[in-house]
Amino acid sequence: QVQLVESGGGLVQAGGSLRLSCAASGSLVNSNTMGWYRQRPGQQRELVASISSGGIANYADSVKGRFTISRDSARSSVYLQMDSLRPEDTAVYYCNAKRSGLWAYEYWGQGTQVTVSS
């Protein structure tokens, strides 16, 4: 059973930075997409950023230019560098790994709280 384990959340002042990390315990078929989603209070979970196994990154408009996603496929890990944080970035952030087609799967982390104070 694969588990995604997140770390790096916390409390930061507006304008500050945090780095989220996510590592898979167990082996994943590496041709996949890994990403970060977030859920703000009273809202639906939304995509923040994703990155393919080929390194193609995709960002939500609200975080473009402030967040950077990266991955280490050898370690089945994904990272999210968050700079210039805003109070509206406050949310629970979830790591995701998914693969479609042959040997399809989707896994979620347990979530890590990010709180940005004004």
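Residues numbered from 1 in each chain as written. Predicted model: local features only at pLDDT ≥ 70, side-chain atom pairs only at ≥ 80, totals over all residues. Heavy atoms only, no water.

*Asks:* Sorry if this is basic, but what is going on with the overall build of the chain here?
*Replies:* Within the chain, the regular secondary structure consists of zero helices and eleven strands. Since a compact globule built from 118 residues should have a radius of gyration of about 13 Å, the 14 Å found for the chain is in line with a globular shape. Seen through its principal axes, the chain has C-alpha atoms that stretch 45 × 25 × 25 Å. The burial tally for the chain puts 42% of its 118 residues in the buried class. Of the contacts made within the chain by residues no fewer than 6 positions apart, 54% connect residues no fewer than 24 positions apart. (Helix = DSSP H or I, 4+ residues; strand = E, 2+ residues; numbered from the N terminus. Rg over C-alpha atoms; globule rule 2.2 N^0.38 Å. Buried < 20%, exposed > 50% of the residue type's maximum accessible area, 1.4 Å probe, protein only. Contact = heavy atoms within 4.5 Å.)

*Asks:* How should the packing of aromatic side chains be read in this particular structure?
*Replies:* Any pair of aromatic rings gets described here by the distance separating the centres and the angle formed by the planes. Under the criterion given, the structure shown has two aromatic pairs. Between the NZ or CZ atom of Arg45 and the centre of the ring of Tyr94, over which it lies, the distance is 3.7 Å. The positively charged end of Arg45 is found above the aromatic ring belonging to Trp108, 4.6 Å away from the centroid. (Phe/Tyr/Trp six-rings, centres within 6.5 Å; stacked < 30°, edge-to-face > 60°. Lys NZ or Arg CZ within 6 Å of the ring centre and 35° of its normal.)

*Asks:* So what exactly am I meant to see when it comes to the side chain of Asp72 here?
*Replies:* Turning to its location among the elements, Asp72 is positioned in strand E7 (residues 67-72). Of note is the side chain of Asp72, whose polar atom sits 2.7 Å from the side chain of Arg75. Those residues within four positions of Asp72 in sequence are excluded, and the remaining contacts are Ser77 and Tyr79. (Polar contact = N/O pair within 3.5 Å; in protein donor to acceptor, adjacent residues only side chain to side chain.)

*Asks:* Would you take a moment to explain the sheet that holds E7 for this structure?
*Replies:* The strands that make up a sheet are held in pairs by hydrogen bonds between backbone atoms, and each pair lies either parallel or antiparallel. Pairing is antiparallel in the open sheet, where four strands are placed in the order E1-E3-E8-E7. Whereas interior strands pair on both sides, the edge strands pair on one side only; in this sheet they are strand E1 (3-7) and E7. Each strand of the sheet is rotated relative to its neighbour by a mean of 15°, with strand direction disregarded. Two strands pair when backbone bridges link them, and E7 and strand E8 (residues 77-82) are joined in this way by six bridges, in the antiparallel orientation. Residue pairing in the sheet places Ile69 in a bridge with Leu80 of E8. (Pairing = 2+ DSSP bridges. Axes fitted to C-alpha atoms, helices over the stretch in contact; angles between N-to-C directions.)

*Asks:* How do you make sense of a nonpolar patch on the surface when you look at a structure like this?
*Replies:* Taken together, the side chains of Val29, Leu102 and Trp103 present a nonpolar region at the surface, about 330 Å² in accessible area. With relative accessibility at 56%, the residue Leu102 sits in the exposed group. (Patch = residues over 30% accessible without salt bridge, like charges linked within 9 Å, V, L, I, M, F, W, Y side chains within 5 Å. Areas by Shrake-Rupley, 256 points an atom, 1.4 Å probe, with all protein chains shown as cover. Salt bridge = Lys/Arg side-chain N within 4 Å of Asp/Glu carboxyl O.)

*Asks:* Teacher, can you tell me more about the environment of Leu4 here?
*Replies:* Among the structural elements, Leu4 can be located in strand E1. Measuring from C-alpha to C-alpha, the distance between Leu4 and Val78 comes to 10.0 Å, with 74 residues separating the pair along the chain. Apart from residues no more than four positions distant in its own chain, Leu4 is found in contact with Cys22, Ala23, Ala24, Cys95, Asn96, Ala97, Tyr107, Trp108, Gly109 and Gln110.

*Asks:* Looking at this model, I keep getting lost on unusual backbone geometry. Mind explaining?
*Replies:* Backbone phi values are negative for most residues with the exception of glycine, while trans is the configuration of most peptide bonds. Phi at Ser76 is positive, roughly 45°, even though this residue is not glycine. Checked against the element boundaries, Ser76 lands in the loop between E7 and E8. Its identity as a non-glycine residue notwithstanding, Trp103 has a phi of 55°, on the positive side. Along the chain, Trp103 turns up in the loop between strand E9 (91-99) and strand E10 (105-108).

*Asks:* When you look at the nonpolar core in this model, what are you seeing that I'm missing?
*Replies:* In globular proteins that are soluble, nonpolar side chains generally tend to be buried together. Of all hydrophobic cores here, the largest spans 28 residues; its most connected members are Trp36, Val48, Phe67, Val78, Leu80, Met82 and Tyr93. Contributions of two or more residues to this core are made by strand E3 (18-25), strand E4 (33-39), strand E5 (46-52), E7, E8, E9 and strand E11 (112-117). Residues contacting Leu80, with those up to four places away along its chain left out, are Leu18, Arg19, Leu20, Trp36, Val48, Ala49, Phe67, Thr68, Ile69 and Tyr93. (Core = buried A, V, L, I, M, F, W, Y, C linked by side-chain atoms within 4.5 Å.)

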